[in-house]
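Examining the three-dimensional arrangement
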Amino acid sequence: MDDAATLSFILNHLGEERTLQRGAVTPPIHATSNFAFPSVAAMRAASQDELGNAFYTRGNNPTVEILRRKLAALEGTEDALVFGSGAAAMAAGVLALVRAGDHVVCVQKPYAWTRVLVRDWLPRFGVEVSFVDGGDLTAIDAALRPHTRLIVLESPNSLTLELQDLAAIAALARSRGIRTLCDNSWASPLLQRPAEFGIDLVMHSVTKYLNGHSDVVAGALCGSAELIRQVFAGPYMTFGAIIGPFEAWLVLRGMRTLQVRMQRVGVSSSRIVDFLAWHPKVARVYYPGSAQDPQRQLAQRQHHGGSGVFSFELRTADVAGVERFCDRLRRFLLAVSWGGHESLVWPLAVTIRDGCAASNRTGLPWNLVRLSIGLEDPEELIDDLRQALEAV
Ligand SMILES: *Cc1c(COP(=O)(O)O)cnc(C)c1O
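In this report, the structure presented in the accompanying data block is examined. Predicted, not measured: the structure shown is a model, and the values here were computed from it.

**Details of the site of the ligand**
Around the ligand, 14 residues are found, and the nearest of them are A87, D183, S205, T207 and K208. At a separation of 2.8 Å, an oxygen atom of the ligand approaches a polar backbone atom of A87. Within the side chain of K208, one N or O atom sits 2.6 Å away from an oxygen atom of the ligand. When the free accessible area of the ligand is taken as 380 Å², the share hidden by the protein chains comes to 89%. Counting only elements with at least two residues in the shell around the ligand, the list comes to α4 (86–97) and β6 (201–205).

**Some thoughts on the nonpolar core**
Across soluble globular proteins, nonpolar side chains have a tendency to be buried as a group. Core analysis: the largest hydrophobic core is formed by 69 residues, its most contacted members being L276, F310, F325 and L371. At seven residues, the largest contribution of residues to this core is made by helix α11 (residues 258–277). Residues lining this core come from more than one domain, with at least three contributed by each of domain 1 (4–30 + 61–255) and domain 2 (258–389). With residues up to four places along the chain from it excluded, the contact list for F325 reads F312, L314, V369, L385, A388, L389 and V392. A88, C106, V118 and I228 belong to the second largest nonpolar core, which has 30 residues in total.

**As for the sheet that holds strand β5 (residues 179–183)**
Spatially, seven strands are ordered β1-β7-β6-β5-β4-β2-β3 in an open sheet, and the strand pairing comes out mixed. The open sheet has two edge strands with one neighbour each: β1 (79–83) and β3 (128–132). For this sheet, the mean angle separating the axes of adjacent strands, direction not counted, is 20 degrees. Relative to strand β7 (residues 219–223), β1 runs antiparallel, the two being bridged by five bridges.

**A word on the pairing of β5**
For β5, the tally of buried residues reaches four of five residues, placing the bulk of the element in the interior. As judged from the five bridges shared by strand β4 (residues 148–154) and β5, these two strands associate in the parallel manner. Residue L150 lies in a different strand from β5, and its bridge partner there is R179. Between the parallel pair β4 and β5, the chain is carried across by helix α7 (residues 166–175), and the sense of this crossover is right-handed. Bridge count between β5 and β6: three bridges; the pairing is parallel. In the strand pairing of β6, L181 is matched with L201.

**Describing the sheet that holds strand β8 (residues 282–286)**
Across the sheet, which stays open at both edges, the five strands sit in the order β8-β9-β12-β11-β10 with mixed pairing between neighbours. Both outer strands of the open sheet, β8 and β10 (333–334), are each paired with one neighbouring strand and no more. Looking at chain direction, β8 and strand β9 (residues 309–314) are connected through four bridges and run antiparallel. Paired with Y286 across the bridge in β9 is S311. Sheet strands touched by α11: β8, β9 and β12 (368–372). Its angle to β9, the strand with the most contacts, is close to 10 degrees.

**A word on the side chain of N211**
Position of N211 among the secondary structure elements: in the loop between β6 and β7. Ignoring sequence-local partners within four residues, the contact set of N211 consists of V206, V216, L250, V251, G254 and R261.

**Digging into the packing of helix α3 (residues 62–75) against helix α10 (residues 245–255)**
Viewed as axis vectors pointing N to C, α3 and α10 meet at an angle of 40 degrees, and their least axial separation amounts to 8 Å. Classified by the angle their axes make, α3 and α10 are oblique. For the pair α3 and α10, the crossing hand works out as left-handed. Here T63, V64, I66, L67, K70, L71 and L74 of α3 come into contact with α10, specifically with P245, A248, W249, V251, L252 and M255. Residue composition of the contact of α3 with α10, grouped by class: 11 nonpolar, one polar and one charged.

Procedures and definitions
Residues numbered from 1 in each chain as written. Predicted model: local features only at pLDDT ≥ 70, side-chain atom pairs only at ≥ 80, totals over all residues. Heavy atoms only, no water. Near = heavy atom within 4 Å. Polar contact = N/O pair within 3.5 Å; in protein donor to acceptor, adjacent residues only side chain to side chain. Areas by Shrake-Rupley, 256 points an atom, 1.4 Å probe, with all protein chains shown as cover. Helix = DSSP H or I, 4+ residues; strand = E, 2+ residues; numbered from the N terminus. Core = buried A, V, L, I, M, F, W, Y, C linked by side-chain atoms within 4.5 Å. Buried < 20%, exposed > 50% of the residue type's maximum accessible area, 1.4 Å probe, protein only. Domains from an automatic or database assignment. Contact = heavy atoms within 4.5 Å. Pairing = 2+ DSSP bridges. Axes fitted to C-alpha atoms, helices over the stretch in contact; angles between N-to-C directions. Right-handed = clockwise from strand over helix to strand, strands pointing away. Parallel < 35°, antiparallel > 145°, perpendicular 65-115°, else oblique. Left-handed = near helix turned anticlockwise from the far one by under 90°. Nonpolar A, V, L, I, M, F, W, Y, C, P; charged D, E, K, R; others polar.

Next up, the structure:
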């Protein structure tokens, strides 16, 4: 998919069937729960393939189906499903693949709600779990048991942005008949396509870069027709955590600019990372592929460029220094989530409760600050960071 024409075609045309829509340049929003049929025979045929037909909107809807086709094409998979959130997509993917008595391996330090799903919910249903350092292939191999059914990956993972060697892990898993699922939200399908490395299910928080405008919460799973059918027949239809047609339409609109947005935030981020890496008030920057990144070679192998989310450690004596820095920023909104048009700052210090440093509970450094770089002028963002660093 490095072919820019193919990418442009997917984002601008694929699945839109304009001749069926009286030439409408943007797709209609099929705001309907139900679909009517001219005969019992036609209704019966549709009901036997709800994934492929518009029958009832919990299963399929024409506006959502356009999004499914584009996401599958972007990830290079046969099919995709879209959910009402990234957390719903992750839960559906995991629950479709495991049952009581199975064992799941998950990377250390995944997205917080992925950790809750794996650590707290799976054991309630008789599934055993192990968390391992995803950067250590030997540790993953050692964690596998005869009844391991699934490896949950997130490359890079949240906050500390460590990579996993997707090709090596996928090969190991396949040789043991184990499925792999990878959260690809950070990279977006433009910078990394896990299925190319042999990953079975690719998950997205569509809330982030795919939508890109901070106005929708959505998620997706991409994979083979067989696996997507399995997820559809199981958690997708049973739990019903679907996206509505209007939100799907907003995501389609957001995705028109995916390519230009990713280019912009990648270029801006590398300038900002360079500025921070040399600043005396910055102890360490976590940005995959940067000169300081111990996994730089793997990043270069797996990624087609850099994304716009990264973290750094502030050189300060206490949490008050972190708070002064964040409170002084004028061009970065203090907000959770990321991947929108606007730049954001989120300090780990937000999670500190009862005076207990977050690092005591999560193993993450208390002075960690995450930035999400938006579409603003990077020089303005650097000026803002410079003045706020002076307050530390
Ligand atoms: C935000 C996020 C999620 C969850 O997605 P929602 O759309 O918020 O439910 C999952 N994984 C990662 C890496 C995320 O950043």
